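Close look at the chain arrangement
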Amino acid sequence: MTVPVFEEYEPAIDCPCAGCALRRRTAVRPLPVRRGGHPAAHGARRALVLATAAGVVLSCGAAGAAAAAGHAHRAPRADGGADPEPATPQGERGPLGGTGASGPPSAGSTVRTTTRAEILARAQRWVTAKVPYSMEKYWSDGYRQDCSGFVSMAWNLGNNEWTGSLAGYATRIARSDLQPGDILLFHNPADPSKGSHVTIFGGWSDSARTHYLAYEQARPQTRKQSTPMAYWNNSSRYVAYRYKGVAGGSPGSGSSTGFPGAGRFGPGADNAHVTRLGEMLVQRGGRRFYTTGPGPVWSAADQRATQAFQRAQGWQGKEADGLPGPHTWRLLTTGGGRDIPATGAGGSPNTAATFPGRGYFKPGQYNGHVERLGRQLVKKGYGKHYVSGPDPRWTEADRRNVEAFQRAQGWRGGAADGYPGPETWRRLFA
């Protein structure tokens with residue numbers, strides 16, 4: 001009887017999973033060979049084993065430093081979100097598109113000026129485009145697709161910087177003075193490929209200032225989510241910095257809700273604040289007013305959508321003229337007030353029963369509808385899973401509380417999955 005010969009599985013050199021990593025580490029052990037045969041065949045097989053092992057060792061260079069340093073592939077979190085820790089080393093500073101010089105500005109040189117709104121608008125473009133993470137590839141705008149390249153792009157620098165050079169463009173500040181567009185930077189000089197990371201501060205997520213809205217470039221793609229101050233790991237080693245070329249904002253406000261001024265809106269206005277206004281109005285039920293956009297040029301659509309939001313609050317006359325003021329802006333940026341009623345809803349300011357859509361309630365979402373849902377769950381007696389909050393950040397606690405409410409209605413299976421639908425919403429707010 002012939003004994004079958006089982007071939008060894010050859011692990012992929014670039015696969016980060018624990019199984020392949022173990023196989024690679026033990027690859028230097030000789031593979032089993034059949035007894036007998038020509039001696040030359042034995043020598044060829046041994047040469048193949050040695051070549052494979054050498055290839056694995058050589059592959060653990062810069063691109064594989066994270067795996068070699070113990071940065072194994074991590075399983076997804078229980079809430080379905082991506083692992084928050086960036087497990088990829090950072091690219092070094094380099095020119096845009098491969099030409100030109102790089103490095104912090106020399107003494108006496110000027111840096112490009114920008115505003116906080118423009119910084120966040122550029123960051124949001126990568127979030128919307130879902131730019132894949134890479135320390136070797138460059139996006140269509142010429143910036144490297146890693147965390148420091150992302151900040152270089154948002155700050156509109158002329159170079160692709162890295163975590164070891166970004167501080168040269170900035171001034172160190174206290175965390176309490178953080179404002180939107182500032183950064184939180186951790187550079188590990190002992191081993192830059194281990195832990196070094198940078199995020200863009202987008203505003204505080206809670207009144208206690210324990211979490212903030214972070215824009216960042218991390219695997220698998222650009223993201224924006226509520227993040228514990230200063231980060232999930234190495235928190236004490238992150239330093240807050242402010243770009244030297246930023247204009248506007250009151251020092252130490254630490255708020256993303258500051259009204260930019262009436263002059264930013266109205267006929268003839270063309271700036272990032274108009275875009276942000278439109279995006280917030282769309283999120284609050286104003287999509288039907290826009291055939292294109294929102295965009296930076298003020299339009300009749302912006303005015304009609306703003307007026308609809310103001311009337312939804314019960315305002316009349318000059319209070320609902322379609323031009324945002326401090327109160328309108330505060331409600332929009334904090335997720336407060338009532339949403340714009342759907343067509344045919346009669347314009348009643350009491351629009352809480354209007355379901356905003358399933359897309360607002362899933363991992364990674366941060367909006368006023370989530371907080372409104374959470375407060376209503378607590379009011380109805382279904383808030384036991386909240387340790388803190390509720391707040392605008394969708395969490396597993398929100399899902400479990402919704403599930404408890406759904407089960408209380410007698411629903412089971414997919415009807416009680418913890419994600420609100422129109423009927424769940426109607427019963428909650430009835």
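Use the structure listed above.
Conventions used here
- Residues numbered from 1 in each chain as written.
- Predicted model: local features only at pLDDT ≥ 70, side-chain atom pairs only at ≥ 80, totals over all residues.
- Heavy atoms only, no water.
- Pairing = 2+ DSSP bridges.
- Helix = DSSP H or I, 4+ residues; strand = E, 2+ residues; numbered from the N terminus.
- Axes fitted to C-alpha atoms, helices over the stretch in contact; angles between N-to-C directions.
- Contact = heavy atoms within 4.5 Å.
- Buried < 20%, exposed > 50% of the residue type's maximum accessible area, 1.4 Å probe, protein only.
- Core = buried A, V, L, I, M, F, W, Y, C linked by side-chain atoms within 4.5 Å.

Attention shifts here to the sheet that holds strand β9 (residues 239-243). Across the sheet, six strands lie side by side as β4-β9-β5-β6-β7-β8; this open sheet has antiparallel pairing. On the outer flanks of this sheet lie β4 (170-173) and β8 (221-228), each paired with one strand and no other. Between one strand axis and the next, the sheet turns through 35° on average, direction left out of account. The pairing of strand β7 (residues 211-218) with β8 spans eight bridges and is classified as antiparallel. Bridge pairing in β8 links Tyr-212 to Thr-227. Against the sheet, helix α5 (residues 147-154) engages β5 (183-186), β6 (197-204), β7 and β8, with an angle of about 50° to β6.

Our next topic: unusual backbone geometry. A cis amide bond, omega 0°, links Arg-219 with the succeeding residue Pro-220. Tracing the sequence through the fold places Pro-220 in the loop between β7 and β8. With omega at 0°, the peptide bond leading from Met-229 into Ala-230 counts as cis. Turning to its location among the elements, Ala-230 is positioned in the loop between β8 and β9. One non-glycine residue with positive phi stands out, namely Lys-130, at about 55°.

Burial along β5 is two-sided: the residues Ile-183 and Leu-185 and Leu-184 and Phe-186 are all buried. Relative to β6, β5 is paired through four bridges, and the arrangement is antiparallel. Bridge pairing in β6 links Leu-185 to Val-198. Strand direction decides the pairing type here: β5 and β9, joined by three bridges, are antiparallel. Looking at the pairing, Leu-184 lines up with Ala-240 of β9.

Looking now at the nonpolar core. Counting residues in each nonpolar core, the largest one holds 27 residues, and the members touching the most others are Phe-150, Val-151, Trp-155, Ile-183, Val-198, Ile-200 and Tyr-215. For this core, the elements supplying multiple residues, two or more each, are α4 (116-129), α5, β5, β6, β7 and β9. Listed in part, the 20 residues of the second largest apolar core include Leu-277, Val-282, Trp-329 and Leu-332.

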